[in-house]
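Inside the fold
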Amino acid sequence: MERSEISKLGEFGLIDRISKRFENNLPSTILGIGDDAAVIDIGNEYLLMSTDMLIEGPHFNLSYVPLKHLGYKAVAVNVSDIAAMNGRPEQITIALGLSNRFSVEAVDELYEGIKAACKNFNVDLVGGDTTSSPAGLTIAINIIGRVAKDRIAYRKGAKPNDIICVTGDLGAAYMGLQVLEREKEVFLTNPEMQPDLEKYEYLVGRQLKPEARMDVVFDLEENKVIPTSMIDVSDGIASELLHISVNSGVGVKVFEDKLPIDSQAYETAVEMNLDPVTCALNGGEDYELLFTINPSDFEKLKNHPDIHFIGHVHNDPSQNQLITKHGNVVGLKAQGWTHF
Ligand code: ADP
Ligand code: MG
């Protein structure tokens, strides 16, 4: 039989191929593969369910990631997928693969971070699985949450004229990773050199200790706004905007000068000869929320200190555009994080 490389399909191509082989047969399965979480009818509310896995190597490097931070991040990225459905997280289970490089104390440290995240996001750890692994550390977390049926936000649902919103700032986690990688190189060539991270504290924090934006989910509820569509920014906002476009059957137009970029991220990108806007669009791991709202809801959110209005939705799904500072129109491309 012919052998095909996964890299030819890519992550999304592979997920598409898997999903085509399955259909949902249960009436309780409201939505299966294809959004930030699966949606299950449990009576008067929807149950949300999602899995995210972190693997040593592609996702983290323990030479500069403290285990405590890693535990926190592993939970936060899962909570982020529940937030992206406009839901509240409730329980997690954790599957751990551990090589003999890890001591009991190391596992304690990992769980200290997990515990801090459980406390912060009000989540209970209710089970999991533990196994030895031939190499490295793997953390797979399954999370469930809930959302009122009339408050759920899917990737589909954006309508022409909707306003595109994003929380927080973009590209800082990516710049944090660049800083850590650079310091690692310096350290490897000269172990006497202590890393100089103070100047980059915000960026490094964004990379090592991301927060799921549950605060925004609560603010939306308080302000009586239901996003018409929503996704969390894990792979870079360009890629997530295209997910909204495909799933909603609409086009998006965003303005370069509206993209929220932290000054430290901007300056560090310039210092490293990177384009700050490209980093903001494609950096990834921001774990902010990207959503669309009906223009009639703008008044309710316009004074929110951490929600930015970056563009609008139109009806042509083939035209996904970035308008530059000089008014040039550039096609949006997903150049974000790829696994294969
Ligand atoms: P996110 O970045 O929000 O975690 P992903 O891009 O990882 O989402 O996944 C997109 C969709 O594909 C989700 O619905 C997820 O549950 C599903 N998915 C990912 N990997 C698999 C797999 N191996 N088998 C079945 N479904 C998968
Ligand atoms: Mg997601």
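The structure under discussion appears in the preceding block.
This section reports on the structure supplied with the text. (Residues numbered from 1 in each chain as written. Chains lettered and ligands numbered in written order. Predicted model: local features only at pLDDT ≥ 70, side-chain atom pairs only at ≥ 80, totals over all residues. Heavy atoms only, no water.)

The strands making up a sheet associate through backbone hydrogen bonding, with each pair oriented either parallel or antiparallel. The 6 strands lie next to each other as β1-β2-β3-β6-β4-β5, forming an open sheet whose pairing is mixed. Of all the strands in the sheet, the pair left with one neighbour each is β1 (29-31) and β5 (124-132). Ignoring which end each strand starts from, the neighbouring axes of this sheet average 20 degrees apart. Strands in contact with helix α2 (residues 67-83) are β3 (45-55), β4 (88-98) and β6 (137-148); relative to β6, the strand with the most contacts, it is inclined by about 35 degrees. Contacts from helix α3 (residues 104-121) reach β4, β5 and β6, with the element oriented near 170 degrees to β4. (Pairing = 2+ DSSP bridges. Helix = DSSP H or I, 4+ residues; strand = E, 2+ residues; numbered from the N terminus. Axes fitted to C-alpha atoms, helices over the stretch in contact; angles between N-to-C directions. Contact = heavy atoms within 4.5 Å.)

This part takes up the coordination of the magnesium ion (ligand 2). Summarising the metal site, the magnesium ion (ligand 2) is bound by the protein donors D36 (OD), D81 (OD) and D232 (OD), whose distances to it range over 2.1 Å. In the primary sequence, the donor residues of the magnesium ion (ligand 2) line up as D-x44-D-x150-D. Taken together, the residues D36 in the loop between β1 and β2 (38-41) and D232 in strand β8 (residues 229-232) connect sequence positions 196 residues apart. By the burial criterion, D36 is buried, and D232 matches it. (Donors = N, O, S within 2.8 Å, 3.2 Å for Na, K, Ca; no water. Buried < 20%, exposed > 50% of the residue type's maximum accessible area, 1.4 Å probe, protein only.)

On to the pattern of salt bridges, then. Evaluated as defined, the whole model comprises 23 salt bridges. A salt bridge links D215 to R213, with the nearest nitrogen and oxygen atoms 2.8 Å apart. A residue is classified by how much of its surface remains accessible, and D215, at 37% relative accessible area, is partly exposed. The class for R213 is buried, based on a relative accessible area of 10%. Salt bridges linked by common partners bring D169, R206, R213, D215, E288 and D306 together as one network. (Salt bridge = Lys/Arg side-chain N within 4 Å of Asp/Glu carboxyl O.)

Moving on: the packing of aromatic side chains. Each aromatic ring pair is specified by the distance between its two centres and by the angle formed by the two planes. One pass over the full model with this rule turns up 2 aromatic pairs. Taken together, a centroid distance of 6.0 Å and an interplanar angle of 45 degrees make the contact between Y72 and F121 tilted. Residue Y72 is found in helix α2, and its partner F121 is found in helix α3; the two are separated by 49 residues along the sequence. Looking at Y72, the relative accessible area reads 4%, which means it is buried. Its relative accessible area of 8% is what places F121 among the buried residues. With centroids separated by 4.8 Å and ring planes inclined at 75 degrees, the aromatic side chains of F298 and F309 adopt a geometry described as edge-to-face. In this pair, F298 is assigned in helix α10 (residues 298-301) and F309 in strand β11 (residues 307-314), connecting sequence segments 11 residues apart. (Phe/Tyr/Trp six-rings, centres within 6.5 Å; stacked < 30°, edge-to-face > 60°.)

Further remarks concern the site of ligand 1. Around ligand 1 sit E11, F12, I15, I18, I33, G34, D35, D36, D52, D81, R155 and S234, and those are all the residues in its vicinity. The contact in question runs from an oxygen atom of ligand 1 to an N or O atom on the backbone of G34, over 2.8 Å. Side-chain polar atom of D36 to an oxygen atom of ligand 1: 2.9 Å apart, as the coordinates give it. Here ligand 1 has 560 Å² of accessible area as a free molecule, and 64% of this is covered by the chains. Here the shell around ligand 1 takes 4 residues from helix α1 (residues 6-20), the largest share from any one element. Of the residues contributing to the shell around ligand 1, the split by class is 4 nonpolar, 2 polar and 6 charged. (Near = heavy atom within 4 Å. Polar contact = N/O pair within 3.5 Å; in protein donor to acceptor, adjacent residues only side chain to side chain. Areas by Shrake-Rupley, 256 points an atom, 1.4 Å probe, with all protein chains shown as cover. Nonpolar A, V, L, I, M, F, W, Y, C, P; charged D, E, K, R; others polar.)

What follows deals with unusual backbone geometry. A positive phi angle, near 70 degrees, is found at N86, a position not held by glycine. Along the chain, N86 falls in the loop between α2 and β4. The backbone of N273 shows a phi angle near 60 degrees, a positive value even though the residue is not glycine. The topology assignment puts N273 in the loop between α8 (263-271) and α9 (276-282).

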